[in-house]
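The lines below spell out each chain.
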Amino acid sequence: MLASYSNGSGARAYKTYIPARGEGQPRPLVVMLHACKQTPDDFAAGTRMNELADEMGFIVAYPEQGAAANASRCWNWFRRANQKRDEGEPSLIAGITQAVIERYNVDPRRVYIAGLSAGGAMAAIMGRTYPDVYAAIGIHSGLPYAAARDIPSALVAMRGWSTAPDPRCGESTSLAVPAIVFHGDVDATVHPRNAEQAFTSRTVENGEESGRRYTRTVSSGKPAGEHWLVHGAGHAWSGGSSNGSYTDPRGPDATRAMLRFFLPSAAIG
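Scoring rules and cut-offs
- Residues take numbers from 1 onward in each chain, read along the sequence in its written order.
- Note on the predicted model: pLDDT of at least 70 is required for a residue's local features to be given, and 80 or more for side-chain atom pairs to be given and counted; whole-chain, interface and lining totals, by contrast, use all residues.
- For the side-chain quantities, the full set of heavy atoms in the structure was used; hydrogens and water were omitted.
- Side-chain atoms within 4.5 Å link the members of a nonpolar core, which is a set of buried Ala, Val, Leu, Ile, Met, Phe, Trp, Tyr and Cys residues.
- The rule is simple: take the accessible area with a 1.4 Å probe, protein chains only, and divide by the maximum for that residue type; under 20% is buried, over 50% is exposed, in between is partly exposed.
- Under the scheme used here, helices are H or I runs from DSSP no shorter than 4 residues and strands are E runs no shorter than 2 residues, and both carry numbers assigned from the N terminus.
- Any pair of residues with heavy atoms lying within 4.5 Å of one another is described as a contacting pair.
- A pair of strands is labelled paired if DSSP reports no fewer than 2 bridges between them.
- A side-chain nitrogen of Lys or Arg and a carboxyl oxygen of Asp or Glu constitute a salt bridge if their distance falls within 4 Å.

Student: Tell me about the nonpolar core, residues and numbers included.
Tutor: The biggest cluster of nonpolar side chains holds 45 residues, and the ones touching the most others in it are Leu29, Trp77, Val100, Ile113 and Tyr134. When contributions to this core are tallied by element, the ones reaching two or more residues are β3 (27-33), β4 (59-63), α3 (88-103), β5 (106-116), α4 (118-129), β6 (136-140), α5 (151-158) and β7 (179-184). In terms of residue count, the dominant contributor to this core is α4 (seven residues). With residues up to four places along the chain from it excluded, the contact list for Val100 reads Tyr14, Thr16, Leu29, Ile59, Ala61 and Val106. Ranked by size, the runner-up nonpolar core spans 30 residues in total, among them Ala44, Ala53, Trp228 and Met258.

Student: Give me the lowdown on the pairing of strand β10 (residues 225-230), citing residues and values where you can.
Tutor: The buried fraction of β10 is high, at five of six residues. Bridge count between β7 and β10: six bridges; the pairing is parallel. Bridged to Val181 within β10 is His227. Strand direction decides the pairing type here: strand β9 (residues 212-219) and β10, joined by six bridges, are antiparallel. Across the sheet, residue Thr215 finds its bridge partner in β10, namely Leu229.

Student: How would you summarise the pattern of salt bridges if you had to cite specific residues and measurements?
Tutor: Tallied over the full model, the rule gives 13 salt bridges. Note that Asp253 is salt-bridged to Arg48, the shortest N-O span being 2.6 Å. Remark: Arg48 occurs in the loop between α1 (40-47) and α2 (49-56) and Asp253 occurs in the loop between β12 (247-248) and α6 (254-262); sequence separation between them is 205 residues. Note that Asp253 and Arg256 form a salt bridge whose closest N and O atoms lie 3.7 Å from each other. Three or more residues joined by partner-sharing salt bridges are found here, namely Arg48, Glu55, Asp253 and Arg256.

Pasting the structure below:
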């Protein structure tokens, strides 16, 4: 279902996927932020998130970045105005989230946000600026909060070099809510160093799924976190469908892994 949300920062279209399962009761919501040069339909096809929504009974919302805001349809995660609560693109995404919560009987305690690349970087911003809205976040091939303040520093951050967070944001790059992070270790677009998180207590698991090895690091601290480093993978959604762009059908299924992290009590194959 296509709709639009607007406030003082502008307007954005969004799509909402409503599965038949679970109708009539409050359901979880997963907000999905696409990468550059993608659309909601493309992102939905590549991640297969709608298929999992049918299986599990959660609602999915897909905010759409317009070409007028960014010629490549990237979320502008690197701009100062988009790193603060109630300003810029974060206010639009949060507004879309709230509109879906109110319209479709969403359980406000089970609202999550995830994204790929620029969408992953924006998901990190949403988790930091709206920790009261999102119970957990998923970042795939993205960057941490306040990793850049303009285009030059964004290019530096994407190469894996640390940049100081903007002091006007009043925040560090640390996590505010539980997070699951995926990154390919041969990603030539966003360096995998951006996926590293400093967890105080860790367990490390090495495994293989669908032809790719991975290293999964789990934190039992606060907030909880998982870091999946997929060996041999580039800048693509791990375990995704070839029906969408920026996907790698090989490797651990990032969609199912994120849903297990978000909804641990649900039955996920």
